[in-house]
Amino acid sequence: MVFTDLDGTLIDHDTYDWAPALPALNALREIAAGLVLASSKTAAEIAPLRAKLGVAQWPAIVENGAGVLPPHQTHTPGVSDYITIRTALDRLPSDQRQHFFGFGDVSVAQVAAMTGLTVDAAALAQKRQFSEPGRWSGTEDQRNDFLAALAADGVTAKQGGRFLTLSLGHDKVDQMRRIIATYQPRHVIALGDAPNDIAMLEAADLGIVIANPARAPLPRLKTEDTGRIIRTQDAGPLGWNWAIRTALDRLEQSRTLSHG
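This structure is a prediction, so every number in the text was calculated from the model and none was measured.

Novice: Got a minute to help me understand the overall build of the protein in this structure?
Specialist: When you go through the protein residue by residue, the secondary structure sums to ten helices and eleven strands. With respect to the three principal axes, the spread of C-alpha positions in the protein is 70 × 35 × 35 Å. Buried residues in the protein amount to 46% of all 260 residues. As displayed, the protein offers around 12800 Å² of accessible surface, 53% of which is attributable to carbon and sulfur atoms. The averaged location of the 29 negative side-chain charges in the protein is 4 Å from the averaged location of its 25 positive side-chain charges.

Novice: Mind showing me how you'd approach the nonpolar core here?
Specialist: Most often, soluble globular proteins keep nonpolar side chains buried together rather than apart. In this structure, Phe3, Leu10, Leu191, Ile208 and Trp240 are the most contacted members of the largest nonpolar core, which totals 52 residues. Considering each element in turn, this core owes the most residues, five residues, to helix H10 (residues 236-258). What Leu191 contacts, discounting residues up to four positions off in sequence, is Val2, Phe3, Thr4, Asp5, Thr9, Met200, Leu201, Ile208, Ile210, Trp240, Ala243 and Ile244. Core analysis: the next-biggest nonpolar cluster, separate from the first, contains eleven residues, Leu89, Trp136, Leu164 and Leu166 among them.

Novice: Even after reading the chapter, I still don't get the environment of Ala47, so can you show me in this structure?
Specialist: Tracing the sequence through the fold places Ala47 in helix H2 (residues 43-52). Separated by 25 residues in the primary sequence, Ala47 and His72 have C-alpha atoms spaced 8.3 Å apart. Excluding residues that lie within four positions of it along the chain, Ala47 makes contacts with Leu69, Gln73 and Thr74.

Novice: I'm lost on helix H5 (residues 108-115) in this one. Help?
Specialist: Structural remark: α-helix, 3.6 residues per turn; residues separated by three or four positions point the same way. Among the residues of H5, those classed as buried are Val111, Ala112, Met114 and Thr115. Seen from one end, H5 has its buried residues packed into an arc of 165°, which puts them on one side. Counted as exposed and oriented over 90 degrees from the buried face of H5: Ala109 and Ala113. Those residues of H5 that are buried lie in contact with strand S5 (100-102), helix H6 (119-125) and strand S6 (132-136).

Novice: What am I meant to see in the sheet that holds strand S9 (residues 189-192) here?
Specialist: Think of a sheet as strands paired side by side through backbone hydrogen bonds, with each pair either parallel or antiparallel. The five strands are arranged S2-S1-S9-S10-S11 in an open sheet whose pairing can be described as parallel. In this open sheet, the two strands that pair with only one neighbour each are strand S2 (35-37) and strand S11 (229-235). Pairs of neighbouring strands in the sheet enclose a mean axial angle of 20°, with direction left out of account. Of the pairings in the sheet, the one linking strand S10 (residues 206-211) to S11 comprises four bridges and is parallel in character. Residue pairing across strands places Gly207 opposite Ile229, the latter belonging to S11.

Novice: Can you walk me through the sheet that holds strand S7 (residues 156-159) in this structure?
Specialist: Across the sheet, which stays open at both edges, the four strands sit in the order S5-S6-S8-S7 with antiparallel pairing between neighbours. Only two strands of the sheet have a single neighbouring strand rather than two, namely S5 and S7. Strand-to-strand twist across the sheet, computed as the mean angle between neighbouring axes with direction ignored, equals 35°. In terms of strand pairing, S6 meets strand S8 (residues 164-167) through three bridges, oriented antiparallel. Residue pairing in the sheet places Glu132 in a bridge with Leu166 of S8.

Novice: I tried to follow the pattern of salt bridges on my own but got confused; where do I start?
Specialist: Opposite charge on two side chains makes pairing possible when the charged atoms of those side chains draw close. Taken as a whole and judged by the stated rule, the model has 15 salt bridges. A salt bridge links Arg215 to Asp193; the shortest N-O distance between them is 2.8 Å. Of the two residues, Arg215 sits in the loop between S10 and S11 while Asp193 sits in the loop between S9 and helix H9 (198-203), which places them 22 residues apart along the sequence. Exposure remark for Arg215: the relative accessible area of 38% places this residue in the partly exposed category. By relative accessible area, Asp193 is classed as buried at 4%. The residue Glu202 makes a salt bridge to Lys222 at a minimum N-O spacing of 3.9 Å. Here Lys222 lies in the loop between S10 and S11 and Glu202 lies in helix H9, a separation of 20 residues in the sequence. Note on Glu202: relative accessible area 18%, which makes it buried. One network of salt bridges, with partners in common, ties together Arg86, Arg97, Asp105 and Glu132.

Quick notes on the rules
- Residues numbered from 1 in each chain as written.
- Predicted model: local features only at pLDDT ≥ 70, side-chain atom pairs only at ≥ 80, totals over all residues.
- Heavy atoms only, no water.
- Helix = DSSP H or I, 4+ residues; strand = E, 2+ residues; numbered from the N terminus.
- Buried < 20%, exposed > 50% of the residue type's maximum accessible area, 1.4 Å probe, protein only.
- Areas by Shrake-Rupley, 256 points an atom, 1.4 Å probe, with all protein chains shown as cover.
- Lys, Arg positive; Asp, Glu negative; His and termini not counted.
- Charge placed at Lys NZ, Arg CZ, Asp CG, Glu CD.
- Core = buried A, V, L, I, M, F, W, Y, C linked by side-chain atoms within 4.5 Å.
- Contact = heavy atoms within 4.5 Å.
- Arc of directions from axis to C-beta.
- Pairing = 2+ DSSP bridges.
- Axes fitted to C-alpha atoms, helices over the stretch in contact; angles between N-to-C directions.
- Salt bridge = Lys/Arg side-chain N within 4 Å of Asp/Glu carboxyl O.

Function cannot be read off these values alone, since they describe shape.
Now the structure itself:
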């Protein structure tokens, strides 16, 4: 089973193209390997992409691990995480609340301006079920008070490159372990390019760091010296294609030796 980040990993960071990864995607399909998308995107964003990739039969990890989109679904019914987070925000005194501007506080056009997405894409990004990204405009001390007040309601926060994202505490590796427990695959491969992918990469049988020239390289990871983590030279889907083909070759060699 393969767990993969999307933007900058399977999908080109700038063009959103995955064509260079098609040979590896086809190779996974030929051996009936599971492919689990793991991204900061919402279920509304991931569902059509998962269908285009031909992997709608597998779950997807959404909103940076705050939730899971079940197979063949376009949303997760009955989920109240987002309502819980928004309710916790509404309970805050105005002097704490006024400095956080979440996706639920602004219009679709404002989300588009905040993210650089098209208006249509921003509308999908605003269909949140598990987490609330937003911008913080207050001081560091005010931010600490804000987070402490939310923590009393079980809401945690992670600072990303642009947004402070509120959730109920789950992350990509939590959901990865739950999916592994359900499907019990013989081998687990994980691919990613960012700091929020590190735990997922280190928990896999083979973790693959996809090169990303747009940011500083990830630090040397715990299982890298043992060969359980490798790195690509090429970025995005080109690197992803090489990585999957290399991983499948390794598994084939291991199987041949074990039967030799």
